[in-house]
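Descriptive analysis of the structure
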Amino acid sequence: MTLREIITVPDEVLRKKAHKVKVFDDNLRTLIDDMVETMRDAPGVGLAAPQIGVLEQIVVIEFGDEEDEEAPAKLYTVVNPEITRMYGDRVMGVEGCLSIPGIVGDVERSTSIVVKGQTRNGQNVKYKLNGWIARIFQHEVDHLTGVLFTDLAESIWQPAEDYVDNV
Ligand code: NI
């Protein structure tokens, strides 16, 4: 596995649309492993392929259970993710992004989503998610169409300390 460089604004690659993955081979699986390693090293709780300069529809997310701090973080690696349903309340939450260091912002998101996609082996998967993990997925899937949280944020500021939940 290899650590990849995380691309930051204003690099134009962050504004481009990622392509659908059609070939599920060892190159894809190596790329996904590199993304997971890069996310953990950052550290962050999510990473989309365009953030390492790869315009393919891949996201990796690793996040623990909000209700149970003892529970181990769960790793999601989703290829061609598509949010097919957003429901529940729209709530504000503070987001940071590994590609926009030094700032955070208040972003309104749906509390619940259904996301469909494929595994690293091309098998179809579908997740129903609620709470912070649903927010992280919305943030990462936005990266695949060149949307950054700063486009959606109601307010943006510099946090006093390093923000740990960067995505
Ligand atoms: Ni981000």
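As the structure is a prediction and not an experimental result, all values here were calculated from the model.

With twelve residues, helix H2 (residues 132–143) extends 17 Å from end C-alpha to end C-alpha; this agrees with the ideal 16 Å at 1.5 Å per step. Extensive coverage of H2 is indicated by the burial of eleven of its twelve residues. Of the residues making up H2, those classed as buried are Ile133, Ala134, Arg135, Ile136, Phe137, Gln138, His139, Glu140, Val141, Asp142 and His143. Buried positions along H2 lie against strand E1 (46–48), strand E2 (58–63), strand E3 (74–97), strand E4 (100–118), strand E5 (124–130) and helix H3 (149–152).

Counting across every chain of the model gives two aromatic pairs. Seen from their ring centres, Tyr76 and Tyr127 are 5.0 Å apart, and the 90° between their planes marks the pair as edge-to-face. Here the residue Tyr76 occupies a position in strand E3, and Tyr127 occupies one in strand E5, the gap between them amounting to 51 residues. Among the residues examined, Tyr127 registers a relative accessible area of 23% and is labelled partly exposed. Ring plane angle 85° and centroid distance 5.5 Å describe the contact between Tyr76 and Phe137, whose orientation is recorded as edge-to-face. Here Tyr76, found in strand E3, pairs with Phe137, found in helix H2; they are 61 residues apart in sequence, far enough to count as distant. Here Tyr76 and Phe137 have matching classes, each one buried. Arg85 extends its terminal NZ or CZ atom over the ring of Tyr87, reaching a point 4.0 Å from the ring centre.

Attention now goes to the pairing of E2. When you tally the buried positions in E2, you get six out of six residues, the bulk of the element. What you see with E2 is no split at all: Ile58, Val60 and Glu62 on one side and Val59, Ile61 and Phe63 on the other are buried throughout. Pairing between E1 and E2: three bridges, direction antiparallel. Bridge pairing links Leu47 to Val60 in E2. Note: E2 against E3, six bridges, orientation antiparallel. Its bridge partner lying in E3, Glu62 is registered against Leu75.

A complete count under the given rule lists nine salt bridges for this structure. Measuring nitrogen to oxygen at the nearest pair gives 2.7 Å for the salt bridge that ties Arg40 to Glu62. Here Arg40 is found in helix H1 (residues 26–41), whereas its partner Glu62 is found in strand E2, with 22 residues between them in sequence. What makes Arg40 partly exposed here is its relative accessible area of 46%. For the salt bridge of Arg109 with Glu95, the shortest nitrogen-to-oxygen distance reads 2.8 Å. Remark: Glu95 occurs in strand E3 and Arg109 occurs in strand E4; sequence separation between them is 14 residues. We note that Arg109, like Glu95, is buried.

The rules behind the values
- Residues take numbers from 1 onward in each chain, read along the sequence in its written order.
- Thresholds applied to this predicted model are a pLDDT of at least 70 for local features of residues and 80 or more for the giving and counting of side-chain atom pairs; totals over whole chains, interfaces and linings are not thresholded and use all residues.
- Only hydrogens and water are set aside; all other atoms, that is, all heavy atoms of the structure, feed into the side-chain values.
- Strands are runs of DSSP state E lasting at least 2 residues, helices are runs of H or I lasting at least 4, and numbering of each runs from the N terminus.
- Multiplying 1.5 Å by the residue count of a helix minus one yields the expected span of that helix.
- Here's how the labels work: a residue is buried when its accessible area is under 20% of the maximum for its type, exposed when over 50%, partly exposed in between, all with a 1.4 Å probe on protein chains only.
- Whether two residues are in contact is decided by their heavy atoms: any pair within 4.5 Å suffices.
- In summary, the pairing rule links any two rings of Phe, Tyr or Trp, Trp by its six-membered ring, whose centres are within 6.5 Å, and it sorts them by plane angle into stacked for under 30 degrees, edge-to-face for over 60 and tilted for everything else.
- Remark: a charge is flagged as sitting over a ring if the NZ atom of Lys or the CZ atom of Arg is within 6 Å of the ring centre and within 35 degrees of the ring normal.
- For two strands to be treated as a pair, DSSP must find at least two bridges joining them.
- By salt bridge we mean one thing: a side-chain nitrogen of Lys or Arg within 4 Å of a carboxyl oxygen of Asp or Glu.

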